[in-house]
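Structure assessment
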Amino acid sequence: MRQLQCLLLALGLLMAAPLAAEIPIIAYQGVPAKFATAERFREFREAGFDVSYHNYNSLTVSQVVQALDQAQQAGVRLIIHCDKVYANPRSAFPRLKGHPALFAYFLEDEPRPKHYNEVVGHLQTIRRYDKQTNIYLNLLPDYGPKSRSSLGITSYPDYLRQYAALDIPQISFDHYPVTKDGLREQWYSNLEAVRQESLRTGKPLWGFVLSTPHNVYPQPTLATLRLQCYVNLAYGAQAIQYFTYWTPEGKEYYNGAIDRDGKRTATYHVVKLMNAELRPLLPLFDGAEVTGIGHLQKIPQGANRLKKLPSGIKKLKVTGSEGALVSTLKKDGHQYIAVVNKDYQHPMTLTLRTASQVVQVTKSLQQSPAKEAYTLPAGDILIFKLK
């Protein structure tokens, strides 16, 4: 059956599991091995996810193939992490590569500089047997000098450059900005650094959203999810990743979308609502070129003030303690701006005066005349098409 599937796929007669947009919505700690059934993957898909990553070290290679088959039935794709694949790569990789539900092979999460040679060796093994399938690598965040020192990072841009040089098509990093004490301001400087490396290499930025409370991180709300999703997109992210879908082991983790026993929590419904809101908007950001990013009112360290209004915008003023992020984008010959309320606790007012051709673009990508004043909910986004 698997050989027939691969043959039909090669002939274009069998489509891979569909993604609603090229920007995937990924869950780190998605569906675990013992729950890897079509039914649980359909539940995962219903929550708005496209791609599931989980450690499948407990499975044999044959069972990994079965998990891929189950995911395919639900229209879900998998990032595969299984040590048994690397124990016997000559026989394992031919059974996996080309599977319609295979999204990527897992390489490493948050490698430190001292892990570089180990990561390279692992990468070479994968590429020896499969030169086409994507490889997943996620990098450390920059939480400041103390954090960098403890991780052995002397220069965060050098750390990014070292790993971005590898044969991996994206630059993924996790930074969880919303804490019980407020917003980590370093988030924006971290985004700036990753964006600069993305521009230098031409590799897309992949960002993260925190959806499982633990340690200093509070219960997610629609506003905190909005802020993280929309700021990442405004900075050019070409994948939205959630940590996590399934609640991880460890007493510090609680109330993920699905608990450890496989039951839905209140978080499941908040995440599902966020993804339902996000999904129709993704085609606008898919492949869009971010041509400028500026902040209004409160300027985070390492970020830039919006110095010049985009063409067609004659006045743009916001009120609120955190201010706004303004991103200018080009897509399909058109120019847009995205305005994000950086406050995840309070609404923001926005007043503007525009040229006659400027229109608002709704989250369902419908166009309507631009108004002179808006109230933007906490963490939310407004989009305008300039020309």
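The following refers to the structure shown.

Thresholds applied
Residues numbered from 1 in each chain as written. Predicted model: local features only at pLDDT ≥ 70, side-chain atom pairs only at ≥ 80, totals over all residues. Heavy atoms only, no water. Pairing = 2+ DSSP bridges. Helix = DSSP H or I, 4+ residues; strand = E, 2+ residues; numbered from the N terminus. Axes fitted to C-alpha atoms, helices over the stretch in contact; angles between N-to-C directions. Parallel < 35°, antiparallel > 145°, perpendicular 65-115°, else oblique. Left-handed = near helix turned anticlockwise from the far one by under 90°. Contact = heavy atoms within 4.5 Å. Nonpolar A, V, L, I, M, F, W, Y, C, P; charged D, E, K, R; others polar. Core = buried A, V, L, I, M, F, W, Y, C linked by side-chain atoms within 4.5 Å. Buried < 20%, exposed > 50% of the residue type's maximum accessible area, 1.4 Å probe, protein only. Phe/Tyr/Trp six-rings, centres within 6.5 Å; stacked < 30°, edge-to-face > 60°. Lys NZ or Arg CZ within 6 Å of the ring centre and 35° of its normal. 1 Å grid on protein atoms, 1.4 Å probe; cavity = no way out; pocket = protein on both sides within 12 Å on 5 of 7 lines; lining within 4 Å. Points joined across faces, edges and corners; volume = space filled by probe spheres on them.

1. Some remarks on the sheet that holds strand 13 (residues 324-331)
With antiparallel pairing, six strands are arranged side by side in an open sheet as 11-13-14-19-16-17. At either end of the open sheet lies a strand with only one pairing partner, and these are strand 11 (289-296) and strand 17 (367-369). Each adjacent strand pair in this sheet contributes to an overall mean axis angle of 30°, direction not counted. Two elements, strand 16 (residues 359-361) and strand 19 (residues 381-385), share three bridges in a ladder whose sense is antiparallel. Within strand 19, the residue paired with Val 361 across the bridge is Ile 383.

2. Some words on the packing of helix 2 (residues 38-46) against helix 3 (residues 61-73)
Interhelical geometry of helix 2 versus helix 3 gives an angle of 50° and a closest axis separation of 8 Å. Relative to helix 3, the element helix 2 lies oblique. For the pair helix 2 and helix 3, the crossing hand works out as right-handed. Along the contact surface, helix 2 presents Ala 38, Phe 41 and Arg 42, while helix 3 presents Ala 67, Gln 70, Ala 71 and Gln 73. Classifying every residue of the contact of helix 2 with helix 3 gives four nonpolar, two polar and one charged.

3. Notes on the nonpolar core
General note: in soluble globular proteins, nonpolar side chains tend to be found buried as a group. Within the largest apolar cluster, 96 residues are counted, with the highest numbers of intra-cluster contacts made by Tyr 242, Tyr 245 and Phe 285. In terms of residue count, helix 10 (residues 222-234) provides more of this core than any other element does, seven residues in total. Judged by nonpolar contacts, the second largest core, of 19 residues, contains Val 318, Val 326, Val 339 and Leu 386.

4. As for the packing of aromatic side chains
Here the distance between the centres and the angle between the planes together describe a pair of aromatic rings. Under the counting rule described, the total for this entry stands at 26 aromatic pairs. For the ring pair Phe 35 and Trp 246, a centre distance of 4.7 Å and an interplane angle of 40° mean the geometry is tilted. Taken as a pair, Phe 35 in the loop between strand 1 (25-28) and helix 2 and Trp 246 in the loop between strand 10 (240-243) and helix 11 (266-278) lie far apart in primary sequence, 211 residues in all. With respect to class, Phe 35 is no different from Trp 246; both count as buried. Feature note: the residues Tyr 28, Tyr 53, Phe 103, Phe 106, Tyr 136, Tyr 176, Trp 206, Phe 208, Tyr 217, Phe 243 and Tyr 253 constitute an aromatic cluster, connected by ring pairs. Above the face of the Tyr 143 ring, Arg 184 is positioned so that its terminal group lies 4.1 Å from the ring centre.

5. Re the sheet that holds strand 9 (residues 205-210)
The eight strands are arranged 1-2-3-4-5-6-9-10 in a closed barrel whose pairing can be described as parallel. The sheet shows a mean angle of 30° between the axes of neighbouring strands, direction not considered. Two strands pair when backbone bridges link them, and strand 1 and strand 2 (residues 51-55) are joined in this way by three bridges, in the parallel orientation. In the strand pairing of strand 2, Ile 26 is matched with Val 51. On the sheet, helix 3 packs against strand 3 (77-81) and strand 4 (102-109) and is oriented at approximately 160° with respect to strand 3. Its contacts with the sheet put helix 8 (residues 156-164) on strand 5 (134-139) and strand 6 (171-173), and the angle it makes with strand 5 is roughly 165°.

6. Here's the deal with empty space enclosed by the protein
Taken as a whole and assessed by the stated rule, the structure comprises two cavities of 30 Å³ or more. If you add up the space inside the largest cavity, you get close to 60 Å³. Every residue along the wall of the largest cavity is listed here: Tyr 176, Pro 177, Val 178, Leu 210, Pro 218, Gln 219, Pro 220, Thr 224 and Gln 228. Split into classes, the residues belonging to the lining of the largest cavity amount to six nonpolar, three polar and no charged.

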